Amino acid sequence: MVNIAAYLRQNLKTHYIGKRLHYFEVIGSTMDIARDLAEKHAPEGTAVIAGKQNVGRGRLGRSWLSPVGGLATSIVLRPPVKKIRLIPAITSLAVIHALHNMGLKADIKWPNDVLIGGKKVCGILIENGFSEADLRYMVIGIGINVNFDTYAFQEITDIATSLSMETGKDVPVEEVALQLYTELEKLYAKIGEEDAVIREWACHMETLGKRVRVSLGSRTIEGTALDVNGSGNLLLRLDDGSVQGITAGDVTHVRDQKH
Ligand code: BTN
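Residues numbered from 1 in each chain as written. Predicted model: local features only at pLDDT ≥ 70, side-chain atom pairs only at ≥ 80, totals over all residues. Heavy atoms only, no water.

## Let's talk about the packing of aromatic side chains
Where two aromatic rings form a pair, the distance of their centres and the angle of their planes describe that pair.
Next, step 1: All told, the structure shown has one aromatic pair when counted by the stated rule.
Next, step 2: Aromatic pair Phe 148 and Phe 153: ring centres 5.7 Å apart, planes at 85°, arrangement edge-to-face.
Next, step 3: Taking relative accessible area as the criterion, Phe 148 reaches 9% and is therefore assigned buried. (Phe/Tyr/Trp six-rings, centres within 6.5 Å; stacked < 30°, edge-to-face > 60°. Buried < 20%, exposed > 50% of the residue type's maximum accessible area, 1.4 Å probe, protein only.)

Given below as structure tokens:
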């Protein structure tokens, strides 16, 4: 098996993302290691990779299954506070570009799940380190199901896929990481081009045009996903005709409204 850290040290051509690399064969969660490094002033782009996580974290308090064969990475960024809302778009687009470079077509489910054929192949978790109103750092956690069979894990069998399942062969994890860091650095450089980033994000968003159910914690609403606005909110037309902007929530695609 290729040593991911050695491969990246040798082949990665980015200027800062992934240049400081911390690799662990097994870890609790890469988020905790990256946060500790960020607290100790690790430079922007510092990345943590794990071969396997024992307590991988997902969005909305869920856990993230992170077995051997997956890519689990967390990256320290320090964007201007006004640009935080673009990070889900930038990160999910970086995954879309990375997979595209490897011959795979994927789509986005709002805000930043990456799907192939309607099944989740990548999840993104963003945690912020604030000190009062100042954003000190963000930790961007990206988990990609690369080389494992989701049928082996009953809890995700129906909803998740992996790159090896989609291609019918093992996919080099080290190349997925290289493509991901490269594309993330390119897109992060476009953080000033807000409209272009949001428009490209919307173009790849499978959610738009669909009937969706959104769980907002204590309640669930249904409607048609119309668009995303400049703040990254999902605009939903409810059944009474009103339009509601969703800032955070868990979206389920109910059925396609286009057909
Ligand atoms: C989600 O879809 O719920 C987000 C999943 C994020 C998983 C990644 S794997 C690397 C990083 N470490 C974690 O514990 N979580 C993120």
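## What about unusual backbone geometry?
Next, step 1: The residue after Trp 110, namely Pro 111, is reached through a cis peptide bond having omega 0°.
Next, step 2: Relative to the helices and strands, Pro 111 is located in the loop between β4 (107–109) and β5 (113–116).
Next, step 3: One non-glycine residue with positive phi stands out, namely Leu 60, at about 55°.
Next, step 4: Residue placement: Leu 60 occurs in the loop between β2 (47–53) and β3 (71–77). (Helix = DSSP H or I, 4+ residues; strand = E, 2+ residues; numbered from the N terminus.)

## A look at the environment of Gln 53
Next, step 1: Position of Gln 53 among the secondary structure elements: in strand β2.
Next, step 2: C-alpha separation for the pair Gln 53 and Val 68, spaced 15 residues apart in sequence, amounts to 8.3 Å.
Next, step 3: Those residues in contact with Gln 53, other than ones at most four positions away along the chain, are Ile 27, Gly 28, Ser 29, Thr 30, Trp 64, Ser 66 and Ala 72.
Next, step 4: In this structure the side chain of Gln 53 is engaged in a polar contact, spanning 2.8 Å, whose partner is the backbone nitrogen of Thr 30.
Next, step 5: Here Ser 66 takes part through its side chain, which lies 2.8 Å from a polar atom of the side chain of Gln 53. (Contact = heavy atoms within 4.5 Å. Polar contact = N/O pair within 3.5 Å; in protein donor to acceptor, adjacent residues only side chain to side chain.)

## Some remarks on the domain arrangement of the protein chain
Next, step 1: Each assigned domain of the protein chain is listed with its residue range as follows: domain 1 (4–203) and domain 2 (210–256).
Next, step 2: Computed from C-alpha atoms alone, the centre-to-centre distance between domain 1 and domain 2 is 24 Å.
Next, step 3: Between domain 1 and domain 2, the contact holds 12 residues from the first and 15 residues from the second.
Next, step 4: For the pairing of domain 1 and domain 2, the buried interface totals around 1100 Å² over both sides, and the portion due to carbon and sulfur atoms is 56%.
Next, step 5: Three residues, Arg 85, Lys 109 and Trp 110, lead the burial of domain 1 against domain 2; their summed loss comes to 55% of the area buried on that side.
Next, step 6: Linking domain 1 with domain 2 are two salt bridges.
Next, step 7: Taking the shortest distance from any N to any O, the salt bridge between Asp 250 and Arg 62 comes out at 3.0 Å.
Next, step 8: Between the two partners, domain 1 and domain 2, sit six residue pairs in polar contact (both at pLDDT 80 or more).
Next, step 9: Among the elements that make up the side of domain 1 that touches domain 2, the one with the highest residue count is helix α6 (residues 194–203) (four residues).
Next, step 10: Classifying every residue of the side of domain 1 that touches domain 2 gives seven nonpolar, no polar and five charged. (Domains from an automatic or database assignment. Buried area = accessible area lost by both parts, 1.4 Å probe. Salt bridge = Lys/Arg side-chain N within 4 Å of Asp/Glu carboxyl O. Nonpolar A, V, L, I, M, F, W, Y, C, P; charged D, E, K, R; others polar.)

## Points about the site of the ligand
Next, step 1: For the ligand, the set of nearby residues contains 20 residues, the closest of which are Ser 29, Gln 53, Arg 57, Arg 59 and Lys 120.
Next, step 2: Contacts to the ligand include Gln 53, whose side-chain N or O atom sits 2.9 Å from a nitrogen atom.
Next, step 3: For the ligand, an oxygen atom lies 2.6 Å from a polar atom in the backbone of Arg 59.
Next, step 4: For the ligand, whose accessible area on its own is 410 Å², the fraction buried by protein is 99%.
Next, step 5: Those elements giving two or more residues to the shell around the ligand turn out to be α2 (30–39), β3, β6 (119–131) and β7 (134–144).
Next, step 6: Tallying contributions element by element places β6 first for the shell around the ligand, with four residues.
Next, step 7: Along the lines of polarity and charge, the residues of the shell around the ligand split into six nonpolar, 10 polar and four charged. (Near = heavy atom within 4 Å. Areas by Shrake-Rupley, 256 points an atom, 1.4 Å probe, with all protein chains shown as cover.)

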